[in-house]
Amino acid sequence: MDATPPYRVLALDGGGIRGLYTATLLNRLAERLHRLRGRGSAAQLDIGAAFDLIVGTSTGAILAASLAKGVPLPRVIDMYRTQAAAIFQSPMPLQRGRLRDRWKTWVWTLRQLTSPANSAEPLRQALQDVLQDVTLEQVYQQRGIALCIPSIDAETHKAWIFKTPHAPRLTRDNEYKLVDACMASAAAPIFFPLHAIASPASGANIARLFVDGGLYANNPVLVALIEALEMAAAERPIHVLSVGTGNTSAAKVLSAAKDTHRGIWGWKGGGDIVTMSLESQARATIYIAGQLVKAMNGRVTLHRLIDPPVSSDEAAYMTLDAADAQSLSVLETLGDRATDLNYSALTNQAPTAESSMVIDMFSSLKALVPEDA
């Protein structure tokens, strides 16, 4: 057995309010795997401490920053539950096959012709309560967990990955706050405004504008893999866990007669374009990452948690910005269903490198110490 401890990586997809699904799955699966080896129960496990590197995009950035900082996931889950309606003030109307839903969508589309659907301020306030004023440099100094948050520089159209100073060369982002990095990564077109961040450089009087990192790295597993290959010593194995925000595409039925010639109306004001881009890219990326891992001769172990089947009725409530009580309930229900599915897959079959990796990640967690203790 290799005595070198693995370099452990967590990669978290984007997906708007569907981050509630991810947080529910991670929290409950960690609790069950923690108990599997007789560790007892703990209400607030330090899941972030299980990883050397956490990478998250958009809503995944919020989860990644929270885990790196040591925020208990139940607190983040509560943020999604209680602040969703404030964050998504003007959600895209749910499509449940009713004529009035179609007319609501038309009205929603007209309202978004000259401005995004939502103000960014409620999201900032919610993140401020959870992440406070901690910078990327401070969170790494305090916890020793590397963090990467993908976004896009809107002026240059180039990828910008906010990084903690987990390598000597990484100093550019030291003074950026976690709140700003998360908002930059979550600035989804149509849904939110571009996020402006004043330069942290002393005396500078400029601001950069950022757009949602999900446009190129909604599933950030490739970003995570490349970063891990740079950071981990050549002889050190790399273990990567990838977590999505649920699967809705299989539940949609299209008609060649009705859907072939979509215009703005058919794409729901552009909102469905964003959703399709994020979901298709996430699925393609995990396949590409899997093929790369096969070429690395066993050094990298990669596992993607399984998303449960979703009915067409449930899929209607899984839009990026559905903030009503029923939609939130569906997301938590699916998170519970995913927990059962993944726990069974990990424990009820002959052990594999992937299942052993995931169980080991969560079996030795410790309880978080309250910040005011």
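Above this text you will find the structure in question.
This report concerns the structure included in the present document. Note on numbering: residues in each chain are counted from 1, in written sequence order. Where totals are concerned, whole chains, interfaces and linings use all residues; where local detail is concerned, this predicted model gives features only for residues with pLDDT of at least 70, and gives and counts side-chain atom pairs only at 80 or more. Heavy atoms from the whole structure form the basis of all side-chain values; hydrogens and water molecules are not counted.

1. Observations regarding the environment of Phe51
Looking at the element boundaries, Phe51 is found in the loop between α1 (19–36) and β2 (53–56). Taking the C-alpha atoms as reference points, Phe51 and Leu241, 190 residues apart in sequence, are found 9.7 Å from one another. Aside from chain neighbours lying at most four places away, what touches Phe51 is Arg8, Val9, Leu10, Ile145, Leu241, Met361 and Phe362. Counting from the N terminus, the helices are DSSP H or I runs at least four residues long and the strands are E runs at least two residues long. When checking whether two residues touch, look at their non-hydrogen atoms; a contact exists if any pair is within 4.5 Å.

2. Here we look at the pattern of salt bridges
Salt-bridge detection follows one rule: a side-chain nitrogen of Lys or Arg within 4 Å of a carboxyl oxygen of Asp or Glu. Under the defined criterion, the tally for this structure stands at 14 salt bridges. Asp13 serves as the salt-bridge partner of Arg304, at 2.7 Å between the closest nitrogen and oxygen. Within this pair, whereas Arg304 is found in strand β8 (residues 300–304), its partner Asp13 is found in the loop between β1 (7–12) and α1, the two being separated by 291 residues in sequence. Assessed through its relative accessible area of 3%, Asp13 is described here as buried. Linking Asp173 and Arg172 is a salt bridge whose minimum nitrogen-to-oxygen distance equals 2.8 Å. Given a relative accessible area of 3%, Asp173 falls into the buried group. When salt bridges that share partners are traced, they join Arg28, Arg81, Glu332 and Asp336 into one network. Buried residues are those whose accessible area, probed at 1.4 Å on protein chains only, stays under 20% of the maximum for their type, while exposed residues exceed 50% and partly exposed ones sit between those limits.

3. Focus: the packing of α1 against helix α14 (residues 353–363)
A fitted line through C-alpha atoms represents every axis, and for helices the fit uses only the stretch in contact; the resulting angles, taken between N-to-C directions, go from 0 to 180 degrees. Contact pair α1 / α14: the axes reach a minimum separation of 8 Å and the direction vectors enclose 90°. When the interaxial angle is binned, α1 and α14 end up roughly perpendicular. Listed contacts from α14 to Leu26, Ala30, Leu33, His34 and Leu36 of α1 are Val358, Ile359, Phe362 and Ser363. Any residue outside Ala, Val, Leu, Ile, Met, Phe, Trp, Tyr, Cys, Pro, Asp, Glu, Lys and Arg is labelled polar, Gly included; the first ten of those are nonpolar and the last four are charged. Each residue belonging to the contact of α1 with α14 can be placed in one class, and the counts come to seven nonpolar, two polar and no charged. Working definition: roughly parallel below 35 degrees, roughly antiparallel above 145 degrees, roughly perpendicular at 65 to 115 degrees, and oblique for all remaining angles.

4. Considerations on the nonpolar core
Core analysis: the biggest nonpolar cluster contains 81 residues, and Phe162 and Phe362 have the highest contact counts within it. The biggest single contributor to this core is α1, with eight residues. With residues near it in sequence (within four places) discarded, Phe362 still touches Leu26, Ala30, Leu33, His34, Ile47, Phe51 and Leu241. Grouped together as the second largest cluster of nonpolar side chains are 21 residues, Val55, Ile161, Val221 and Ala289 included. Here, the term nonpolar core denotes a set of buried Ala, Val, Leu, Ile, Met, Phe, Trp, Tyr and Cys residues that are joined through side-chain atoms within 4.5 Å.

5. Concerning the pairing of strand β5 (residues 195–198)
Burial along β5 is one-sided: His195 and Ile197 are buried, and none of Ala196 and Ala198, which face the opposite way, are. Strands qualify as paired when DSSP identifies two bridges or more between them. Judged from the four bridges that link them, β5 and strand β6 (residues 207–212) form a sheet pairing that is antiparallel. Residue pairing in the sheet places Ile197 in a bridge with Arg208 of β6.

6. Considerations on helix α5 (residues 121–131)
Every buried residue of α5 is accounted for by Pro122, Leu123, Ala126, Leu127, Val130 and Leu131. Within α5, the buried residues cover an arc of 145° as seen down the axis, which keeps them to one side. The secondary structure elements touched by the buried residues of α5 are α2 (59–69), α3 (73–87) and α7 (178–185). Two residues or fewer past α5, Gln132 is found with a positive phi of approximately 60°. Within this analysis, the arc is defined by the directions that extend from the helix axis to the C-beta atoms.

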